[in-house]
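# Descriptive analysis of the structure
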Amino acid sequence: MQPMGNERPGPPNFPGRPASSPFGAAPQTTMPSPQTTMPFLSSGPVVGSDAFGYRAAAAPPVRFNGPSMSSPPASYPSSNLGAYQRFPSPNYLSTAQSPGPLRGPAYTGQPGLPPPTLPSMGQQPVLAPTVAARPFQIPPVPMGPPTQNVNPTPPRGNIPPSAESSFPALRPVLQSSLHGYPSRQPIPVAHVPPPQASPFHPQQGFVPPPPGGTPVSLNSREHVPYTSAGPPLGALQGLVEEFSSLTVGSVPGSIDAGIDSQALPRPLDGDVEPSSFVEMYPLNCHPRYLRLTTSAIPNSQSLLSRWHLPLGVVVHPLAEPPEGEEVPIVNFGPAGIIRCRRCRTYVNPYVTFTDGGRKWRCNICALLNDVPGDYFSLLDASGRRCDADQRPELTKGSVEFVAPTEYMVRPPMPPLYFFLIDVSSSAVRSGMLEIVAKTIKSCLDELPGFPRTQIGFITFDSTLHFYNMKSSLTQPQMMVVSDLDDIFVPLPDDLLVNLSESRSVVDTFLDSLPSMFQDNVNIESAFGPALKAAFMVMSRLGGKLLIFQTTLPSLGIGRLKLRGDDLRVYGTDKEHMLRLPEEPFYKQMAADLTKCQIGVNLYVFSDKYSDIASLGTLAKYTGGQVYYYPSFQGDVHKEKLRHDLARDLTRETAWEAVMRIRCGKGVRFTTYHGHFMLRSTDLLALPAVDSDKAFALQLSLEETLLTTQTVYFQVALLYTSSSGERRIRVHTAAAPVVADLGEMYRQADTGAIVSVLSRLAIEKTLSHKLEDARHTVQLRIVKALREYRNLYAVQHRLSGRMIYPESLKFLPLYGLALCKSIPIRGGYADAQLDERCAAGFNMMVLPVKRLLKLLYPSLMRLDEYLVRAPVADADDFRNFLKRLPLTAGSLDPKGLYIYDDGFRFIIWFGKMLSLDITANLLGVDSSGYPELSKFILPELDNGVSRKLMGILKRLRESDPSSYQLCHLVRQAEQPREGLLLFANLIEDQIGGAGGYIDWIQQIHRQVQQSA
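So, about the overall build of the protein chain. The number of helices and strands found in the protein chain is 25 helices and 31 strands. When each of the 1011 residues of the protein chain is scored for burial, the buried share is 61%. Contacts spanning at least 24 positions in sequence make up 80% of the contacts within the protein chain whose residues lie at least 6 apart. Within the structure as shown, the protein chain displays about 38100 Å² of accessible surface, and the carbon and sulfur contribution to it stands at 54%.

Okay, the pattern of salt bridges next. For the coordinates displayed, the defined rule picks out 43 salt bridges. Here Lys359 ties to Asp370 by a salt bridge, and the two come within 2.5 Å at their closest N and O atoms. Linking Lys359 in strand 9 (residues 359–361) with Asp370 in strand 10 (residues 368–370), this pair joins segments that are 11 residues apart in sequence. Connected through salt bridges with shared partners, the residues Lys544, Arg647, Asp648, Arg651, Asp690, Asp692 and Lys693 form a single ionic network.

Right, let's talk about the nonpolar core for a bit. The biggest cluster of nonpolar side chains holds 147 residues, and the ones touching the most others in it are Leu290, Trp307, Phe401, Phe669, Phe713 and Ile728. Looking at this core, the element that brings in the most residues is helix 16 (residues 770–792), giving 9 residues. With 52 residues, the next largest nonpolar core counts Leu416, Leu560, Ile598 and Leu615 among its residues.

With respect to the secondary-structure elements, Ser758 resides in helix 15 (residues 750–764). You can call Ser758 buried: its relative accessible area is 0%. Here the side chain of Ser758 touches Ser755 through a polar contact of 2.9 Å, landing on its backbone oxygen. In this structure Ser758 touches Leu818, Met843 and Leu851, once residues within four positions along its chain are discounted.

The omega angle of the peptide bond from Phe450 to Pro451 is 5°, so this bond is cis rather than trans. Relative to the helices and strands, Pro451 resides in the loop between helix 7 (432–443) and strand 13 (454–460). For the bond from Gln974 to Pro975, the omega torsion is 5°, close enough to zero to count as cis. The topology assignment puts Pro975 in the loop between strand 31 (965–970) and helix 24 (976–980).

Before going further, it helps to examine the sheet that holds strand 29 (residues 896–900). The strand order 28-29-30-31 describes an open sheet built from 4 strands, whose pairing is mixed. In this open sheet, the two edge strands, each paired with only one partner strand, are strand 28 (858–861) and strand 31. For this sheet, the mean angle separating the axes of adjacent strands, direction not counted, is 20°. Bridging between strand 29 and strand 30 (residues 904–909) involves 5 bridges; their strand directions are antiparallel. Bridged to Tyr899 within strand 30 is Ile906. Helix-sheet contacts for helix 23 (residues 943–958) involve strand 28, strand 29, strand 30 and strand 31, and the interaxial angle to strand 30 is about 150°.

The subject of this paragraph is the packing of aromatic side chains. Summed over the entire model, instances satisfying the criterion amount to 21 aromatic pairs. Between Phe605 and Phe632, the ring centres sit 5.0 Å apart and the planes meet at 70°, which makes this aromatic pair edge-to-face. On the criterion of sequence distance, the pair formed by Phe605 in strand 18 (residues 598–606) and Phe632 in the loop between strand 19 (625–630) and helix 13 (634–650) is long-range, its members being 27 residues apart. Each of the two residues, Phe605 as well as Phe632, counts as buried. An aromatic cluster is defined as three or more aromatic residues linked by ring pairs; in this entry it consists of Phe332, Tyr346, Tyr375 and Phe401. The residue whose ring lies beneath Arg339 is Tyr346, and the NZ or CZ to ring-centre distance is 4.2 Å. Lying over the aromatic face of Tyr375, Arg385 brings its terminal NZ or CZ to 4.3 Å of the ring centre.

Let us now look at the pairing of strand 25 (residues 710–720). With 11 of its 11 residues buried, strand 25 lies for the most part within the structure. With 7 bridges joining them, strand 20 (residues 653–663) and strand 25 adopt antiparallel strand pairing. Pairing of Cys663 across the sheet is with Phe713, part of strand 25. Note: strand 25 against strand 26 (residues 726–738), 11 bridges, orientation antiparallel. Paired with Thr720 across the bridge in strand 26 is Arg726.

All right, on to the environment of Asp892 then. When you line up the elements, Asp892 lands in the loop between helix 21 (874–880) and strand 29. Classification of Asp892 by relative accessible area gives partly exposed; the value is 26%. Each C-alpha atom of the pair Asp892 and Gly910 lies 6.7 Å from the other, and the pair is 18 residues apart in sequence. Aside from chain neighbours lying at most four places away, what touches Asp892 is Arg861, Tyr897, Trp908 and Gly910.

What follows is about the sheet that holds strand 8 (residues 352–354). The sheet built from 3 strands is open, its strands ordered 8-9-10 with antiparallel pairing. The sheet is open, and its two borders are formed by strand 8 and strand 10, each paired with just one other strand. Strand after strand, the sheet turns through a mean of 35° between neighbouring axes, direction not considered. Two strands pair when backbone bridges link them, and strand 8 and strand 9 are joined in this way by 3 bridges, in the antiparallel orientation. When the sheet's bridge partners are listed, Thr354 is paired in strand 9 with Lys359.

A few words on a nonpolar patch on the surface. Taken together, the side chains of Met478, Val480 and Met516 present a nonpolar region at the surface, about 250 Å² in accessible area. With relative accessibility at 35%, the residue Met516 sits in the partly exposed group.

Each pair of packed helices can be described by the angle between their axes along with the distance between the axes. It is the contact of helix 16 with helix 17 (residues 811–819), at a shortest axis distance of 9 Å, that shows an interaxial angle of 170°. Judged on the interaxial angle alone, helix 17 and helix 16 are roughly antiparallel. Two secondary-structure elements touch here, helix 16 through Arg774, Val777, Ile781 and Leu785 and helix 17 through Leu811, Pro812, Gly815, Leu818 and Cys819. Looking at the contact of helix 16 with helix 17, its residues break down into 7 nonpolar, 1 polar and 1 charged.

Let us now look at the environment of Val738. Note on placement: Val738 falls in strand 26. For the pair Val738 and Ala296, spaced 442 residues apart in sequence, the C-alpha separation works out to 6.0 Å.

On to the pairing of strand 12 (residues 416–422). In terms of residue burial, strand 12 counts as a mostly covered element, since 7 of its 7 residues are buried. Residues Leu416, Phe418, Leu420 and Asp422 of strand 12 are buried on one face, and the alternating residues Tyr417, Phe419 and Ile421, pointing to the opposite face, are buried as well. Note: strand 12 against strand 13, 7 bridges, orientation parallel. Residue Leu420 lies in a different strand from strand 13, and its bridge partner there is Ile458. With 5 bridges joining them, strand 12 and strand 17 (residues 543–549) adopt parallel strand pairing. Note that in strand 17 the partner of Phe419 across the bridge is Leu546.

As for its position among the elements, Asn942 is in the loop between helix 22 (915–922) and helix 23. Residue Asn942 is classed as buried on the basis of its relative accessible area of 15%. Polar contacts involving the side chain of Asn942 include one to the main-chain carbonyl oxygen of Asn920, which spans 2.9 Å. Within the structure, Asn942 has its side chain in polar contact with the backbone nitrogen of Ser945 (distance 2.8 Å).

With that out of the way, let us pick up helix 10 (residues 584–595). Here helix 10 contains 12 residues, and its C-alpha end-to-end distance of 17 Å stays within 8% of the 16 Å for a straight helix at 1.5 Å per residue. Regarding helix 10, the residues found buried are Phe585, Tyr586, Lys587, Met589, Ala590, Ala591, Leu593 and Thr594. Once helix 10 ends, the next one or two residues include Gln597, with phi positive near 60°.

Turning our attention to the confidence of the model for the protein chain. Overall, the prediction assigns the protein chain a mean pLDDT of 78, with 72% of residues at 70 or greater. Confidence drops under pLDDT 50 across residues 1–241; counting only partners more than four residues distant or on other chains, this segment forms 625 contacts.

Rules of the game
- Starting afresh in each chain, residues are numbered from 1 along the sequence in its written order.
- Two thresholds apply to this predicted model, a pLDDT of at least 70 for residue-level local features and 80 or more for giving and counting side-chain atom pairs, whereas whole-chain, interface and lining totals are computed over all residues.
- Just so you know, side-chain values use all the structure's heavy atoms and leave hydrogens and water out.
- For the purposes of this entry, the term helix denotes a DSSP run of H or I that reaches at least four residues, the term strand denotes a run of E that reaches at least two, and both are numbered from the N terminus.
- Per-residue accessibility, obtained with a 1.4 Å probe over protein chains only, is compared with the maximum for each type, and a residue is labelled buried under 20%, exposed over 50%, and partly exposed between these values.
- Should any heavy atoms of two residues lie within 4.5 Å, those residues are counted as being in contact.
- Only the protein chains shown count as covering a residue, and every accessible area follows the Shrake-Rupley method with a 1.4 Å probe.
- Here, a salt bridge means any side-chain nitrogen of Lys or Arg that lies within 4 Å of a carboxyl oxygen of Asp or Glu.
- Residues belong to a common nonpolar core when they are buried Ala, Val, Leu, Ile, Met, Phe, Trp, Tyr or Cys residues joined through side-chain atoms within 4.5 Å.
- Distance and chemistry together define a polar contact, namely a pair of N or O atoms within 3.5 Å, with one atom able to donate a hydrogen and the other to accept it when in protein, and with adjacent residues in sequence counting only for side-chain atoms on both sides.
- Any two strands are treated as partners once DSSP identifies two or more bridges connecting them.
- Fitting a line to C-alpha atoms yields each axis, with helices limited to the stretch in contact; the angle taken between N-to-C directions then spans 0 to 180 degrees.
- Aromatic rings from Phe, Tyr and Trp, with only the six-membered ring used for Trp, were paired whenever their centres fell within 6.5 Å, and each pair was classed as stacked if the ring planes differed by under 30 degrees, edge-to-face if by over 60, and tilted otherwise.
- Here, a charge over a ring means that NZ of Lys or CZ of Arg falls within 6 Å of the ring centre while also lying within 35 degrees of the ring normal.
- Patches here are clusters of residues that have more than 30% relative accessible area and form no salt bridge, with a 9 Å joining cutoff for like charges and a 5 Å cutoff for nonpolar side chains (Val, Leu, Ile, Met, Phe, Trp, Tyr).
- Roughly parallel covers angles under 35 degrees, roughly antiparallel covers those over 145, roughly perpendicular covers 65 to 115, and oblique covers all other angles.
- Charged residues are taken to be Asp, Glu, Lys and Arg, nonpolar residues to be Ala, Val, Leu, Ile, Met, Phe, Trp, Tyr, Cys and Pro, and polar residues to be all remaining types, Gly included.
- Given the number of residues in a helix, its expected span is that number minus one, multiplied by 1.5 Å.
- Each residue carries a pLDDT value, the predictor's own confidence for that position, ranging from 0 to 100.

This is how it looks when you write it as structure tokens:
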């Protein structure tokens, strides 16, 4: 079968060849004992962190505290965390005298002595300044002519990659030793003016792209840029060295850490999209569509090997546009879409026109292409097209092209929704069946694609039930198939119907569905045969398959058994097997479903084991999603299920989609992380994708040294819209190539880094122990901070300080939050196996903003706001409710608090809260509380209740992608208080897992071990 390509199958950007790991470890050198001073070796001028004559040896493996391990001993030397300090500007010598910004190596001699600094180029030895500054201008680097011939790589077929190829585990790395978690603090930044000149190393520092971002060896007339095609060079002059520090001074014999926890850095403003990158490249797509882990690309393999954090991007192709903006739609008509004939890049703001407008140069591969006659335009005196302002594809980083018929291998499919519903006794008893039927009916008028929309149903318990909904019928005909070994489909042409034509029959069916099975006592589940039947019905057209499952599959193919109850497996090399599919049937079915353009969304309701590790594979490889409702009760969880299902049915969906991401010469994408099927080396198959899905990719360098000054990225998503139009959504971005590690740190994006790290950690749990995944997260943070510390050579007077870049001040906290997140925290007793797997599937698809909120939720005090004057607008609400640190110390017994992680609300009632507030919110007198575990918060006829319901409504409206169900808990109500709230206050010590302060201390000690 021909692939439904986001583009037609063709060669990748450049011939692929094995690339070294983007996280290659620095060469290890055996260190002398701490009492011996290591001689510095140099054969010439030494600059920056290249000046180090050795690398520190790795420390012994870390022991990450799990629930079965003791908490850190009280005998640790506690730390005094002073206020943030400003570092004085060094006294630079004059330009004539200056030996350049020297950066000394990590000094391991006597701590009280300043480290020696190398003399350079005959100069007298000088002490390294506290903060090393760097020049910003470099001479252009000529680039050779572009390659004229690329050997295509034959695409692979639609065979599902193994779990390892889709979710590659992290490469084993050396780990440092440590006992608990540590903690930390933000600090004012020291601004140091750059020196006027540097006598050597012209490539040190930020490398600005040439105008238009094209190779500098090309004739200037051939690449005149559009307005703001690159960052203004003057803006680069203002860049200064910035770093922050946290004082961690030991007080021997003291148990108190001496740290002001209120001063620790916390992301209380939520995710902040990078702005400097947008300012440098205003023609880039908005960061919500594409975010780089650092918007400064290393120019060499050696520089990349010192960047110990992920190098990659997070792509959110169908993200909601920024407020007040829309993605422009471009229709080229008979001229066809303008693309590079070699690398197939789409025309974008960074291409340049030459030869009087008759040719254009590709910004990805530098090939000169002819301009079709229908697209021709004269150039003005600056070389800019005269019609550029009327061409969104030349002025906007995000556009949507209308694809001609050559981009189709079949007519565009109609929107198709097929429902596979469990009707066993547990589904009826829990209320799931009734809620699902009513919600589907309420959404029929809002399903996209009218009047082309198709719909169909199969229900199952120990048998399969098909429904003929032909428009000529007055009510549906039910057909039962009990032979599970040889599945066949009765009346295959009448099981999928046009919704507009058969609307009355569908309405009748949904009205009668709950009563049809209300007395069902069947507890079996023939889910596997039902899945095969649904595939047979849908295979001709494709579409979205929504599965509602309440019972562990027990009959026919694909039946599963209980597992995960053997405690002896945890902590062994076999532990990860519990998180992998037990039955290969589901992975093979996922491959078949993807080939036929069928995406699966899985709704699991159970108070018992459901083996989401196996069932979730269906969503994982078809671009779908897993919704998990543990201990589902219709009266409690009704609103959440209604909202989740309604959004799933009514949100705009891209059908039969594929996505490819191109990048400039010298770099390539090596690994992909998310829910998709990898159809060829770089083509992601997405049968049904929507605005709630994001993907992460890792980059590597193909060449030892990059000769370009700018790297370009282009995301192309080819899909069928619900209206039946084939479209291509294209996002284009540019990033500078730099030769300075410090610039990579300054341009780092914590949100993107955490998104990639979380996906890597979750994938590692599929092949390693949970403890190994946590160790890997911690070790990458430690290595990055150690490299940054060495970069600035501040160890001789700042040995008690933790040095980190301002851009990564929240990284340690997010690392701690990731290690305490449900997919990788603790061990057997810390999360149910199904809960752990469902959370992992969920985090793999989350966009950056939602993921960061899930890792570090908001905690706000409500009672002070509720008792104010009744008039309250949205601005007043936002200004008055301030986010608080996630620690029990933030909770006042006299207060009312709300915890919001984007998926649920937890409202905490202090035991000394005003009785009037309690009565107004719960509708009870002051004599006592109702049973809060099953209590639904009502909207009562009083100002306090109305204001609280208004707050909840606004919080939900701020992110409609999920509905936060409200859980009420009273102070000292055990065990609910501990399970619901205290287990999620990540800054506190929980069981054997340390808190924020412990985590910072631990990271600081590890950084110093080899600094």
